[in-house]
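Below are the chains, spelled out letter by letter.
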Amino acid sequence: MLLTADLTGVPVLVLGAPDDTRRARRRYEAAGAAVRSVTGPDLLGPADLTGVALAVLVGPAAPRWREALDAAGARVPVVQEPAARAGGRVTLVGGGPGADDLLTVRAVEALQDADVVFVDRLAPAGAVAAAAPGAEIVPVGKTPGHHPVPQAKIQELMVEHALAGRSVVRLKGGDPYVFGRGAEELAACAAHGIPVDVVPGITSAVSVPGAAGIPVTFREVSRMFTVASGHVPFSEAELAHFAGLGAGGGTLVVLMGVATLPHLVAGLVRAGADPATPLAVVERGFTDRQRSTITTLATAVEDTAAAGCGSPAVVVVGPVVRLATAERDAFLAEVTAHGC
Ligand code: SAH
């Protein structure tokens, strides 16, 4: 049960084995309750119930607990909830592109079960607080060029907490396996024999262009899309490859690509891409400050500098960008006339 009520100072009695009740105790404590616990039915006495407003029975509805509550003269409402899952596990969770309601149901369930959550900067912070009240929240966010907690340290912390028997969630922006270092974290856990589950997330590579009205594929226009990291400048071979894809109408999506944009556009044109190819920079997708800057390879450097484009942003190159411009309807008519 997710509790949003303010229980400040309210005595709540939590019943069950310490490991089973750890999640419930933390949640009621986070709601301000004065939590007491009794770990077994044989240990329950009338004094435990003095002033108690609510009893929380954790785990299967064992008749012995009911008998013990009756014997102790309990006159309080009793709510039942499942035991926390055994700890010693890590769940890599994709948090989606930033909006709290773009987390999957499975991601929310993983958060509800967490003892500790290591959170990235682009993960949906509001959703964490709502889904995991009482869990220890550790921000380990990185901004371009600034990594307050280095990756090796993050992995060390995840392993340390899991080995201590805790249920660890690593919440990332987008999908954990799209430039999320999910595979490295999986390997670090595997090296210590720690079981890992992976919950996929909605990647910004597809959803942020979509939020700006740009479908990454469009029959007859683009039947492929390539997602690349612009974290470091592309090699000449990569640029030639991208320019070749564009010739076939493909879509190029670049994450972490704002700083290296001048290098990308110059390289694509040098490798033979048409300078008139449309390019979009979509910043801060799914926030109220989402903004699209639509330009072309020829004018991208000037236009994005004038607009002051910054990270986080997704860069999209290819004819599908025309769907986010004023010529959208004409373009759609032109494309559909070809018999899609
Ligand atoms: N695993 C993530 C990507 C991590 S790399 C995913 O699947 O989405 C971080 C980059 O993702 C940012 O630099 C930016 O390019 C992009 N990004 C993530 N969220 C974004 C958002 N809400 N708006 C724009 N770009 C975003």
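Refer to the structure presented above.
Residues numbered from 1 in each chain as written. Predicted model: local features only at pLDDT ≥ 70, side-chain atom pairs only at ≥ 80, totals over all residues. Heavy atoms only, no water.

A short note on the sheet that holds strand E2 (residues 34-38)
Within a sheet, adjacent strands bond to each other through the backbone by hydrogen bonds, running parallel or antiparallel.
Move 1: Sheet architecture is open: 4 strands sit in the order E2-E1-E3-E4, paired in parallel fashion. Each having just a single partner strand, E2 and strand E4 (78-81) make up the two edges of the open sheet. Taking each pair of neighbouring strands and ignoring which way they run, the sheet shows an average axis angle of 25°.
Move 2: Two strands pair when backbone bridges link them, and strand E1 (residues 11-15) and strand E3 (residues 54-58) are joined in this way by 4 bridges, in the parallel orientation. Looking at the pairing, Val12 lines up with Leu54 of E3.
Move 3: Relative to the sheet, helix H2 (residues 63-71) contacts E1, E2, E3 and E4, its axis offset from that of E4 by approximately 160°. (Pairing = 2+ DSSP bridges. Helix = DSSP H or I, 4+ residues; strand = E, 2+ residues; numbered from the N terminus. Axes fitted to C-alpha atoms, helices over the stretch in contact; angles between N-to-C directions. Contact = heavy atoms within 4.5 Å.)

Brief notes about the site of the ligand
Move 1: Contacts to the ligand come from 19 residues, most closely from Pro97, Val178, Thr203, Ser204 and Ala313.
Move 2: The side chain of Thr203 places a nitrogen or oxygen atom 2.7 Å from an oxygen atom of the ligand.
Move 3: Ala313 is positioned such that a nitrogen or oxygen atom in its backbone is 2.7 Å from an oxygen atom of the ligand.
Move 4: The protein chains hide 91% of the 550 Å² of surface that the ligand would expose on its own.
Move 5: Those elements giving two or more residues to the shell around the ligand turn out to be helix H7 (204-211) and strand E14 (313-317).
Move 6: Its residues assigned to classes, the shell around the ligand shows 11 nonpolar, 6 polar and 2 charged.
Move 7: Domain assignment of the residues forming the shell around the ligand places at least three in each of domain 2 (89-202) and domain 3 (205-333). (Near = heavy atom within 4 Å. Polar contact = N/O pair within 3.5 Å; in protein donor to acceptor, adjacent residues only side chain to side chain. Areas by Shrake-Rupley, 256 points an atom, 1.4 Å probe, with all protein chains shown as cover. Nonpolar A, V, L, I, M, F, W, Y, C, P; charged D, E, K, R; others polar. Domains from an automatic or database assignment.)

Notes on the packing of aromatic side chains
Move 1: Scanning the model with the defined rule gives 1 aromatic pair in all.
Move 2: When the centroid spacing of 5.0 Å and the interplanar angle of 90° are considered together, the rings of Phe234 and Phe242 count as edge-to-face. Judged on exposure class, the residue Phe234 and its partner Phe242 are both buried. (Phe/Tyr/Trp six-rings, centres within 6.5 Å; stacked < 30°, edge-to-face > 60°. Buried < 20%, exposed > 50% of the residue type's maximum accessible area, 1.4 Å probe, protein only.)

Section: the pattern of salt bridges
Move 1: Taken as a whole and assessed by the stated rule, the structure comprises 20 salt bridges.
Move 2: The salt bridge partner of Asp115 is Arg22, with a shortest N-O separation of 3.0 Å. Here the residue Asp115 occupies a position in the loop between helix H3 (105-112) and strand E6 (116-119), and Arg22 occupies one in helix H1 (residues 18-30), the gap between them amounting to 93 residues.
Move 3: By sharing partners, the salt bridges in this structure join Asp19, Arg22, Arg26 and Asp115 into a single network. (Salt bridge = Lys/Arg side-chain N within 4 Å of Asp/Glu carboxyl O.)

Notes on H3
Move 1: Of all the positions in H3, only Ala107, Ala110 and Leu111 are classed as buried. Buried residues of H3 fall within an arc of 100° about the axis and therefore sit on the same side. Turned more than 90 degrees away from the buried face of H3, the exposed residues are Val105 and Arg106.
Move 2: Among the structural elements, strand E5 (89-94), E6, helix H4 (125-131), strand E8 (167-172) and strand E9 (196-199) are those in contact with the buried residues of H3. (Arc of directions from axis to C-beta.)

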